[in-house]
Amino acid sequence: MSTGATLRMLDRADKEVMKLTRADIGAVYEFMHKFRHNPENPGLNLKALNGDSRLMSARVSKDYRALLLHIADRDYLLVAVKHRGEVYDDLSRYAYRINRVTGGIEVVDLAPVGDSIVGRVVPPPADPEPAQKPLFDAYTDAQLLELGVSEPLLPQIRELTTEAELLELLDRAPQLTTDVLFALFDGTPYDKVLQQVTDPVRADEPVDPEDFEAAVQRPATQVTSDDEALQAIIGEAFERWQIFLHPTQRKLVEKKYNGPARVGGGPGTGKTIVALHRVAHLARQLPPGTDKPILLTTFNRNLAADLRTRLLALGGQELVARVDIVNIDRLASRVVTEAKAGGSRRVVDDNRVSELWSEFLLETGESGWDAEFLTAEWTQVILGQVLNSRTEYFKARRPNRGRSLTRVERDQIWQLTERFTTWLESRGVWTWRQVAQRAARLEMDRAAASSESSGGFYRPRYRHIVVDEAQDLSAAHWKMLRAMVAPGADDMFLTGDTHQRIYDNHVTLSSLGINIRGRSSRLTLSYRTTRQILADALQIMTGEVYDDLDGGEEDLAGYRSLLRGGRPVFRGAATWAQERDLIAEQLRAWGNPIDGSVAICVPTRELAADVISRLEADGLPAVEIGPDGPKQPDGIHVGTMHRFKGLEYQRMIIAAVSDGLVPRQMISRYRDTDPKRYQRERQRDRSLLFVAATRPRDELAVFWHGTPSPFLTARLVQRQLT
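Structural notes, computed from the coordinates. (Residues numbered from 1 in each chain as written. Predicted model: local features only at pLDDT ≥ 70, side-chain atom pairs only at ≥ 80, totals over all residues. Heavy atoms only, no water.)

## Structural notes on the sheet that holds strand β9 (residues 261-265)
Working definition: the strands of a sheet are paired by backbone hydrogen bonds and lie parallel or antiparallel to each other. The condition that has to hold: DSSP calls a pair of strands paired once it identifies at least 2 bridges connecting them. Here a helix means four or more residues in a row that DSSP labels H or I, a strand means two or more in a row labelled E, and each is numbered from the N terminus. Only the stretch in contact is used when a helix axis is fitted, and all axes are lines through C-alpha atoms; the angle between N-to-C directions ranges over 0 to 180 degrees. Residue contacts are defined here by distance: any two heavy atoms, one from each residue, within 4.5 Å place the two residues in contact.
Taken together, the six strands give an open sheet; going across it, the order is β11-β10-β14-β15-β9-β16, and neighbouring strands pair in parallel fashion. In the strand order of this sheet, the two ends are held by β11 (323-325) and β16 (520-523), each with one partner. Averaged over all pairs of adjacent strands, the angle between strand axes in this sheet comes to 15 degrees, irrespective of strand direction. Judged from the three bridges that link them, strand β10 (residues 294-297) and β11 form a sheet pairing that is parallel. By the bridge assignment for β11, Leu296 is matched with Ile325. Running over the sheet, helix α12 (residues 247-254) touches β9, β15 (492-495) and β16 and is turned about 155 degrees from β16.

## A short note on the packing of aromatic side chains
The test is simple: Think of it this way: a Phe, Tyr or Trp ring, Trp meaning its six-membered ring, pairs with another when their centres are within 6.5 Å, and the plane angle makes it stacked under 30 degrees, edge-to-face over 60, tilted otherwise. Each ring is checked for a lysine NZ or an arginine CZ that lies within 6 Å of its centre and within 35 degrees of its normal; such an atom marks a charge sitting over the ring.
Tallied over the entire structure, the rule returns 15 aromatic pairs. Ring centres of Trp357 and Phe360 lie 5.7 Å apart, and the angle between their planes is 85 degrees; on these two criteria the pair is classed as edge-to-face. You can see Trp357 and its partner Phe360 sitting in helix α16 (residues 353-364), three residues apart, about one turn around the helix. Ring pairing ties together the aromatic residues Trp357, Phe360, Trp378, Phe420 and Trp423, which thus form one cluster. Just above the ring of Phe212 sits the side chain of Arg54; from NZ or CZ to the centre is 4.1 Å. The residue whose ring lies beneath Arg410 is Tyr393, and the NZ or CZ to ring-centre distance is 5.5 Å.

## Some words on the packing of α16 against helix α17 (residues 371-383)
What counts, and what does not: An angle counts as roughly parallel when it lies under 35 degrees, as roughly antiparallel when it exceeds 145, as roughly perpendicular when it falls between 65 and 115, and as oblique in every other case. By definition, turning the near helix anticlockwise from the far helix through less than a right angle yields a left-handed crossing, and turning it clockwise yields a right-handed one.
Packing of α16 against α17 brings their axes to within 9 Å, and their N-to-C directions diverge by 120 degrees. What the angle tells us is that α16 and α17 run oblique. α16 and α17 meet at a crossing whose hand is right-handed. Touching Val353, Ser354, Trp357, Ser358 and Leu361 of α16 are Ala371, Glu372, Leu374, Thr375, Trp378 and Thr379, all from α17.

## Describing the pairing of β9
Convention followed: Exposure is judged per residue with a 1.4 Å probe applied to protein chains only, and the accessible area is read against the type maximum: over 50% gives exposed, under 20% gives buried, and values in between give partly exposed.
Burial of β9 is extensive: five of the five residues sit out of reach of the surface. A two-sided burial pattern is seen for β9, the buried positions comprising Ala261, Val263 and Gly265 on one face and Arg262 and Gly264 on the other. Bridge count between β9 and β15: three bridges; the pairing is parallel. Looking at β15, one finds that Ala261 is bridged to Phe493. Pairing analysis gives four bridges linking β9 to β16, with the strands arranged parallel. Residue pairing for β16: Gly264 is matched across the bridge by Arg522.

## Let's talk about the side chain of Thr198
Mapped onto the elements of the fold, Thr198 is located in helix α9 (residues 190-198). In this view, Thr198 contacts Val101, Glu146, Leu147, Leu176, Val180 and Val193; residues no more than four positions away in its chain are not counted.

## Topic: empty space enclosed by the protein
Definition in use: Method remark: on a 1 Å grid restricted to protein atoms, a set of points is classed as a cavity if a 1.4 Å probe fits but cannot get out and as a pocket if it is open with protein on both sides within 12 Å along at least five of seven lines; lining residues have an atom within 4 Å of a point. Grid points are joined across faces, edges and corners, and a volume is the space filled by probe spheres set on the points. Polar here means any residue outside two lists: the nonpolar Ala, Val, Leu, Ile, Met, Phe, Trp, Tyr, Cys and Pro, and the charged Asp, Glu, Lys and Arg; Gly therefore counts as polar.
According to the stated counting rule, one finds four cavities of 30 Å³ or more in the structure shown. Empty space within the largest cavity amounts to approximately 190 Å³. Taken together, 17 residues form the lining of the largest cavity, with Glu106, Pro174, Gln175, Ala220 and Gln222 sitting closest to its centre. Looking at the lining of the largest cavity, the elements that each hand over two or more residues are α1 (11-18), β7 (105-109) and α8 (175-185). Taken together, the residues that form the lining of the largest cavity break down as eight nonpolar, five polar and four charged. In this structure, the second largest cavity occupies an estimated 120 Å³ of space. His246, Thr248, Leu523, Thr524 and Leu525 are the residues nearest the centre of the second largest cavity, which is lined by 13 residues in total. At the level of elements, α9, α12 and β16 are the ones that each hand at least two residues to the lining of the second largest cavity. Each residue belonging to the lining of the second largest cavity can be placed in one class, and the counts come to five nonpolar, six polar and two charged.

## Quick word on α9
An α-helix turns once every 3.6 residues. As a result, residues three or four positions apart point the same way. Selection rule: The directions from the helix axis to the C-beta atoms are what the arc is built from.
Every buried residue of α9 is listed here: Tyr190, Val193, Gln196, Val197 and Thr198. Down the axis of α9, the sector holding all buried residues measures 155 degrees, keeping them to one side. Along its buried surface, α9 packs onto α5 (141-146), α8, β16 and β20 (560-561).

## With respect to the sheet that holds strand β5 (residues 75-83)
The mixed open sheet is built from six strands, whose spatial order is β2-β3-β4-β5-β1-β8. Pairing within the sheet leaves two strands with one partner each, and these edge strands are β2 (47-48) and β8 (223-224). Pairing of strand β3 (residues 55-59) with strand β4 (residues 64-72), which is carried by five bridges, proceeds in the antiparallel orientation. Residue pairing for β4: Ser57 is matched across the bridge by Leu67. Running at roughly 75 degrees to strand β1 (residues 6-10), α1 makes contact with β1 and β5 of the sheet.

## Quick word on unusual backbone geometry
A cis amide bond links Val662 to the next residue, Pro663, at an omega of 0 degrees. Along the chain, Pro663 falls in the loop between β26 (649-654) and α25 (670-673). Phi is positive for Lys340, close to 55 degrees, though the residue is something other than glycine. Residue placement: Lys340 occurs in the loop between α15 (328-338) and β12 (346-348). Judged by relative accessible area, which is 75%, Lys340 ranks as exposed.

## Some remarks on the environment of Phe690
Considering the arrangement of structural elements, one finds Phe690 in helix α26 (residues 675-693). For Phe690, a relative accessible area of 0% puts it in the buried group. For the pair Phe690 and Met641, spaced 49 residues apart in sequence, the C-alpha separation works out to 9.6 Å. When sequence neighbours within four positions are dropped, the list of residues in contact with Phe690 reads Pro267, Asp497, His499, Gln500, Ala537, Leu538, Met541, Leu556 and Tyr559.

## What to know about the environment of Met641
Tracing the backbone shows Met641 in the loop between β25 (635-640) and β26. For the pair Met641 and Asp685, spaced 44 residues apart in sequence, the C-alpha to C-alpha distance is 9.3 Å. Those residues within four positions of Met641 in sequence are excluded, and the remaining contacts are Cys601, Val602, Pro603, Ile654, Val662, Leu688 and Leu689.

## Describing the pattern of salt bridges
So the rule is basically this: Any Lys or Arg side-chain nitrogen found within 4 Å of a carboxyl oxygen on Asp or Glu counts as a salt bridge.
Within the structure shown, the criterion is met by 38 salt bridges. The closest approach of N and O atoms between Glu338 and Arg461, which form a salt bridge, is 2.9 Å. Remark: Arg461 occurs in the loop between α20 (432-452) and β14 (464-467) and Glu338 occurs in helix α15; sequence separation between them is 123 residues. For Glu338, a relative accessible area of 46% translates into the label partly exposed. The partly exposed category is assigned to Arg461, whose relative accessible area is 27%. With a closest N to O distance of 3.7 Å, Lys631 and Glu624 form a salt bridge. Of the residues examined, Glu624 reaches a relative accessible area of 32% and is grouped as partly exposed. Connected through salt bridges with shared partners, the residues Glu338, Glu443, Arg446 and Arg461 form a single ionic network.

Function cannot be read off these values alone, since they describe shape.
This is the structure we're talking about:
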């Protein structure tokens, strides 16, 4: 009696399957189901190709055949779905082997460049251009192989002379070959490509080029192996990212860490995707139960809701039931409520704190200190570091605060903050920063009391904590989280990008008991936006230095995209009214799409209102982006830069990128009085512009009136003249 077989699907085959008709896609699913049940089913007609013992074909339907790689015994890998004529007419075009760098299985279609539909339909030019120098002539075969380029493709790579030929070849090349050749084509030095592209996916152990059983288990062999995942592809219920990960991402997701780990990377590199897959990976290893030992958290409440939706699509209700998904402030509020420590006070937004300090100083007649300075000192140092006494405040470090304070001045400030806290309590309010501070103290005390008690049993709230957009959390948030999970293997997994820090939270994780040294990784491949948009967004960041959340520096070196598109548009106008005309003109050039695929981003709410009025006057439906996201999916979305965090559009206009608006004019007062604060505020405004510039997938237009923002380099500003 025949037994079932293991059948996995290579990610490259997924691309081919999705190009088929819906009926043929269904036939592929039915074939896989039957094959797993009994590969010897006569109707499948499984047989070796051209005498090769490993490469085989099987019947999917009347017109299509499955190309299979026999891994071991009853273990197979579906590597392609081809028309029956392709499979039998030209077997020599397929090559397979184990990549000696990644250890992953690669199946390569060796059809010559120019043999595509485009190459056969478009006739050659009447007057051929003179021969061009091969694109990769500067690199030896040994160098390319060391970078992980697929060896069977070397002869074709040597013949490439144009970008069009390169794009055609890479459309069917293995992932690492694509990444490497694009990086070299873009001018990235060899050693940088080795460090940034190849080393992150290099196998951890020596690679046996004949051991296919080991190879199919490695992250570099991107496969799916269950009917549910394939049904999702067929039904288009969710994106390919929910099934396949880039080998670099998969390696980070499945790795066992000895302590807290962090994954950084620029916008669109898949950090959130990695966080979601990491949660699913950890959840699948949990023993049976009904508790929620995994926390998935982030700063933004809208993003927390999105994380829940996406994790549900990725892992299903059973998996989500084991994960506590909540934004960080709501988590802190829950801790405080459980302890009945908040009373009946109402929480006010942190952006009102400066206003409350001003009101307090006016009422009390205190004039020795500026409200904004006290706001920052109270929120970032006293609350941020969870300081409970004047003695603790006297000893506290004040990083990034600029102005130094004497002991007498610290004493004055401490007394003022105590009075201010009492004043807030009398009004029945407190801030989210206060809630975070109280929650951190409660959790820290709970952990300390349990560890000091000789007979007590301390059970941490969570076994694993995963944090997305880690750069947005305050020190108090981190102290609370550190106390919620016991230090140990796989305790904390953080993803984020300090270049996208749009809130004034600067921390050094090691000082908070979260040591990520030696466990930090970086993603460099953007999946969201084109290379042209990415290049201009990186120009905006020129000259800025960002931290890595642990006292070091982080840059965007090696950050790249494989997507291509047109160059972004940069145009200036004399007045704001004329700039609104530019916006209307650009929308017309795009066909005035009102399906929610286009957005307009501006620095202030007043400017957003002006844009909305103009759109409505032109008969175009404008949809404001509020704190909970766009109020409806269709229309043309309009919002301030803060509102675009986590959003994505096909096309975008960033308007009013003018000096005095980006960065804000008001921060210039700190230039001489508090240089460190001036630099911090300026950096935050640059990050806002960078976040906005990396939201569109296909097209970007940047406008200004008067003098352009100093964040727009001369190279970008001069673009309007070309």
